[in-house]
Amino acid sequence: MQAPHKEHLYKLLVIGDLGVGKTSIIKRYVHQNFSSHYRATIGVDFALKVLHWDPETVVRLQLWDIAGQERFGNMTRVYYREAMGAFIVFDVTRPATFEAVAKWKNDLDSKLTLPNGKPVSVVLLANKCDQGKDVLMNNGLKMDQFCKEHGFVGWFETSAK
Ligand SMILES: Nc1nc2c(ncn2[C@@H]2O[C@H](COP(=O)(O)OP(=O)(O)OP(=O)(O)O)[C@@H](O)[C@H]2O)c(=O)[nH]1
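Residues numbered from 1 in each chain as written. Predicted model: local features only at pLDDT ≥ 70, side-chain atom pairs only at ≥ 80, totals over all residues. Heavy atoms only, no water.

## Looking at a nonpolar patch on the surface
Next, step 1: A surface patch of nonpolar side chains, amounting to about 250 Å² of accessible area, comprises L9, L48 and V50.
Next, step 2: Within the secondary structure, V50 is located in strand 2 (residues 44–54).
Next, step 3: Its relative accessible area of 34% is what places V50 among the partly exposed residues. (Patch = residues over 30% accessible without salt bridge, like charges linked within 9 Å, V, L, I, M, F, W, Y side chains within 5 Å. Areas by Shrake-Rupley, 256 points an atom, 1.4 Å probe, with all protein chains shown as cover. Salt bridge = Lys/Arg side-chain N within 4 Å of Asp/Glu carboxyl O. Helix = DSSP H or I, 4+ residues; strand = E, 2+ residues; numbered from the N terminus. Buried < 20%, exposed > 50% of the residue type's maximum accessible area, 1.4 Å probe, protein only.)

## Some points on the pairing of strand 5 (residues 121–127)
Next, step 1: Counted residue by residue, strand 5 has six buried out of seven residues, so it is predominantly covered.
Next, step 2: Inspection of the sheet shows strand 4 (residues 85–91) paired to strand 5 by seven bridges, in the parallel sense. Directly across from V89, in strand 5, lies its bridge partner L125.
Next, step 3: In this structure, strand 5 lies alongside strand 6 (residues 154–157), joined through four bridges in parallel fashion. Each residue of the ladder has a partner; that of V123, found in strand 6, is G154. (Pairing = 2+ DSSP bridges.)

## Here we look at the sheet that holds strand 1 (residues 6–15)
Next, step 1: As summarised here, the arrangement of the six strands in space is 2-3-1-4-5-6, forming an open sheet in which the pairing is mixed. Of all the strands in the sheet, the pair left with one neighbour each is strand 2 and strand 6. This sheet shows a mean twist of 25° between the axes of neighbouring strands, independent of strand direction.
Next, step 2: Against the sheet, helix 4 (residues 101–111) touches strand 1, strand 4 and strand 5, its axis set at about 160° to strand 4.
Next, step 3: In this fold helix 5 (residues 140–150) packs onto strand 4, strand 5 and strand 6, with an angle of close to 140° to the strand it touches most, strand 6. (Axes fitted to C-alpha atoms, helices over the stretch in contact; angles between N-to-C directions. Contact = heavy atoms within 4.5 Å.)

## What about the state of the cysteines?
Next, step 1: Under the definition given, this model contains zero disulfides.
Next, step 2: Between C129, a free cysteine, and C147, which holds the nearest cysteine sulfur, the sulfur-to-sulfur gap is 15 Å.
Next, step 3: For C129, a relative accessible area of 25% corresponds to the partly exposed category.
Next, step 4: For C147, a relative accessible area of 5% translates into the label buried. (Disulfide = S-S within 2.5 Å.)

Listed below in C-alpha coordinates is the structure:
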(Lines give C-alpha, C1' and ligand atoms only; values in the text may rest on other atoms or scores of the structure.)
Protein backbone atom coordinates (compact mmCIF):
# COMPACT_ATOMS: atom_id res chain seq x y z
CA MET A 1 0.00 0.00 0.00
CA GLN A 2 1.24 3.46 -0.85
CA ALA A 3 2.04 5.68 2.13
CA PRO A 4 -0.33 8.62 2.51
CA HIS A 5 1.26 11.87 1.48
CA LYS A 6 -1.11 14.37 3.00
CA GLU A 7 -1.27 14.67 6.78
CA HIS A 8 -3.40 17.11 8.71
CA LEU A 9 -3.31 17.71 12.45
CA TYR A 10 -6.19 19.56 14.09
CA LYS A 11 -6.51 20.52 17.72
CA LEU A 12 -10.13 20.37 18.91
CA LEU A 13 -11.43 21.37 22.33
CA VAL A 14 -14.18 19.62 24.27
CA ILE A 15 -15.55 21.89 26.98
CA GLY A 16 -18.63 22.23 29.19
CA ASP A 17 -19.66 21.96 32.82
CA LEU A 18 -18.65 19.24 35.30
CA GLY A 19 -19.94 15.76 34.57
CA VAL A 20 -21.77 16.53 31.32
CA GLY A 21 -19.93 13.66 29.60
CA LYS A 22 -16.95 15.20 27.78
CA THR A 23 -14.56 12.38 28.69
CA SER A 24 -17.24 9.79 27.88
CA ILE A 25 -17.95 11.23 24.42
CA ILE A 26 -14.24 11.18 23.59
CA LYS A 27 -13.87 7.63 24.96
CA ARG A 28 -16.80 6.45 22.87
CA TYR A 29 -15.44 8.14 19.72
CA VAL A 30 -11.82 7.04 20.12
CA HIS A 31 -12.03 3.70 21.99
CA GLN A 32 -15.66 2.62 21.32
CA ASN A 33 -16.44 2.00 24.98
CA PHE A 34 -18.35 3.53 27.90
CA SER A 35 -18.08 3.45 31.67
CA SER A 36 -20.75 4.62 34.10
CA HIS A 37 -18.06 5.24 36.69
CA TYR A 38 -17.42 8.99 37.10
CA ARG A 39 -13.93 10.27 37.67
CA ALA A 40 -13.55 14.03 37.30
CA THR A 41 -10.88 15.18 34.88
CA ILE A 42 -8.16 17.21 36.56
CA GLY A 43 -6.87 19.98 34.32
CA VAL A 44 -6.82 18.48 30.85
CA ASP A 45 -6.64 15.06 29.17
CA PHE A 46 -5.75 14.25 25.59
CA ALA A 47 -6.86 11.72 23.03
CA LEU A 48 -5.91 11.20 19.42
CA LYS A 49 -8.34 10.05 16.74
CA VAL A 50 -6.74 9.05 13.46
CA LEU A 51 -8.96 9.21 10.38
CA HIS A 52 -7.92 7.66 7.09
CA TRP A 53 -9.76 10.30 5.15
CA ASP A 54 -8.96 8.94 1.69
CA PRO A 55 -6.10 6.78 0.35
CA GLU A 56 -3.78 9.77 0.28
CA THR A 57 -4.89 11.67 3.35
CA VAL A 58 -4.57 11.07 7.07
CA VAL A 59 -6.32 13.40 9.50
CA ARG A 60 -5.24 13.43 13.13
CA LEU A 61 -7.69 14.93 15.57
CA GLN A 62 -6.04 15.92 18.81
CA LEU A 63 -8.92 16.10 21.28
CA TRP A 64 -8.40 18.25 24.37
CA ASP A 65 -10.72 17.14 27.15
CA ILE A 66 -10.82 20.11 29.51
CA ALA A 67 -12.07 19.63 33.08
CA GLY A 68 -15.44 21.29 33.78
CA GLN A 69 -14.03 22.95 36.86
CA GLU A 70 -11.54 24.87 34.69
CA ARG A 71 -14.15 27.49 33.78
CA PHE A 72 -13.48 28.95 37.20
CA GLY A 73 -9.70 28.85 36.79
CA ASN A 74 -7.16 30.77 34.76
CA MET A 75 -5.81 27.95 32.65
CA THR A 76 -8.36 27.87 29.84
CA ARG A 77 -6.47 30.56 27.92
CA VAL A 78 -3.45 28.25 27.81
CA TYR A 79 -5.48 25.17 26.87
CA TYR A 80 -7.40 26.95 24.10
CA ARG A 81 -4.26 28.13 22.30
CA GLU A 82 -4.08 27.16 18.60
CA ALA A 83 -7.28 25.11 18.60
CA MET A 84 -9.08 24.86 15.26
CA GLY A 85 -12.55 24.16 16.61
CA ALA A 86 -14.51 23.18 19.68
CA PHE A 87 -17.42 21.20 21.04
CA ILE A 88 -19.41 22.60 23.93
CA VAL A 89 -21.29 19.87 25.77
CA PHE A 90 -24.25 20.06 28.16
CA ASP A 91 -26.28 17.40 29.95
CA VAL A 92 -29.94 17.32 28.85
CA THR A 93 -30.99 16.12 32.32
CA ARG A 94 -29.46 19.16 34.09
CA PRO A 95 -30.73 22.56 32.84
CA ALA A 96 -27.98 24.41 34.75
CA THR A 97 -25.41 22.86 32.41
CA PHE A 98 -27.30 24.35 29.46
CA GLU A 99 -27.31 27.75 31.13
CA ALA A 100 -23.51 27.47 31.38
CA VAL A 101 -23.17 26.92 27.61
CA ALA A 102 -23.24 30.65 26.81
CA LYS A 103 -20.62 31.25 29.50
CA TRP A 104 -18.31 28.65 27.97
CA LYS A 105 -18.87 30.17 24.52
CA ASN A 106 -18.02 33.66 25.80
CA ASP A 107 -14.93 32.36 27.58
CA LEU A 108 -13.79 30.69 24.36
CA ASP A 109 -14.50 33.64 22.06
CA SER A 110 -12.77 36.08 24.40
CA LYS A 111 -9.57 34.00 24.51
CA LEU A 112 -9.29 32.33 21.12
CA THR A 113 -9.45 33.46 17.49
CA LEU A 114 -8.19 31.81 14.31
CA PRO A 115 -5.05 33.24 12.65
CA ASN A 116 -7.40 35.15 10.26
CA GLY A 117 -9.03 36.86 13.25
CA LYS A 118 -12.32 34.95 13.00
CA PRO A 119 -13.82 32.95 15.86
CA VAL A 120 -13.35 29.16 15.74
CA SER A 121 -16.27 26.94 14.70
CA VAL A 122 -18.12 25.55 17.68
CA VAL A 123 -20.66 22.71 17.73
CA LEU A 124 -23.11 22.29 20.60
CA LEU A 125 -23.69 18.75 21.92
CA ALA A 126 -26.82 17.89 23.92
CA ASN A 127 -25.52 14.81 25.71
CA LYS A 128 -27.16 11.96 27.69
CA CYS A 129 -30.15 11.92 25.34
CA ASP A 130 -30.56 8.20 26.27
CA GLN A 131 -31.93 9.40 29.64
CA GLY A 132 -35.31 10.38 28.20
CA LYS A 133 -35.43 13.63 30.17
CA ASP A 134 -34.61 15.92 27.33
CA VAL A 135 -36.90 18.85 27.94
CA LEU A 136 -35.02 21.04 25.51
CA MET A 137 -34.89 18.56 22.70
CA ASN A 138 -38.66 18.64 22.25
CA ASN A 139 -37.97 22.09 21.05
CA GLY A 140 -35.58 21.81 18.13
CA LEU A 141 -36.61 25.19 16.77
CA LYS A 142 -35.59 26.88 20.00
CA MET A 143 -32.23 25.14 19.83
CA ASP A 144 -31.71 26.28 16.23
CA GLN A 145 -32.49 29.82 17.34
CA PHE A 146 -30.11 29.54 20.31
CA CYS A 147 -27.30 28.37 17.98
CA LYS A 148 -27.92 31.28 15.63
CA GLU A 149 -27.93 33.84 18.42
CA HIS A 150 -24.78 32.50 20.09
CA GLY A 151 -22.78 31.73 16.95
CA PHE A 152 -22.73 27.93 17.01
CA VAL A 153 -22.40 26.18 13.65
CA GLY A 154 -24.99 23.62 14.76
CA TRP A 155 -26.12 21.22 17.46
CA PHE A 156 -26.57 17.46 17.87
CA GLU A 157 -28.17 15.19 20.40
CA THR A 158 -25.61 12.67 21.62
CA SER A 159 -25.26 9.72 23.95
CA ALA A 160 -21.91 8.29 24.96
CA LYS A 161 -23.67 5.26 26.49
N1 LIG B 1 -26.62 7.86 30.69
C2 LIG B 1 -25.53 8.52 30.26
N3 LIG B 1 -24.53 8.78 31.13
C4 LIG B 1 -23.45 9.45 30.65
C5 LIG B 1 -23.33 9.84 29.30
N6 LIG B 1 -22.16 10.49 29.15
C7 LIG B 1 -21.56 10.48 30.35
N8 LIG B 1 -22.32 9.84 31.27
C9 LIG B 1 -22.00 9.64 32.71
O10 LIG B 1 -21.89 10.92 33.32
C11 LIG B 1 -20.83 10.94 34.27
C12 LIG B 1 -19.83 12.03 33.93
O13 LIG B 1 -19.20 11.73 32.68
P14 LIG B 1 -17.76 12.29 32.29
O15 LIG B 1 -17.53 11.85 30.88
O16 LIG B 1 -16.74 11.93 33.28
O17 LIG B 1 -18.04 13.86 32.36
P18 LIG B 1 -17.03 15.09 32.10
O19 LIG B 1 -17.81 16.12 31.39
O20 LIG B 1 -15.79 14.59 31.42
O21 LIG B 1 -16.72 15.57 33.58
P22 LIG B 1 -15.48 16.49 34.16
O23 LIG B 1 -14.22 15.76 33.86
O24 LIG B 1 -15.73 16.58 35.62
O25 LIG B 1 -15.57 17.84 33.54
C26 LIG B 1 -20.22 9.52 34.25
O27 LIG B 1 -20.79 8.79 35.32
C28 LIG B 1 -20.65 8.97 32.91
O29 LIG B 1 -20.77 7.55 32.94
C30 LIG B 1 -24.43 9.55 28.40
O31 LIG B 1 -24.45 9.88 27.20
N32 LIG B 1 -25.49 8.88 28.95
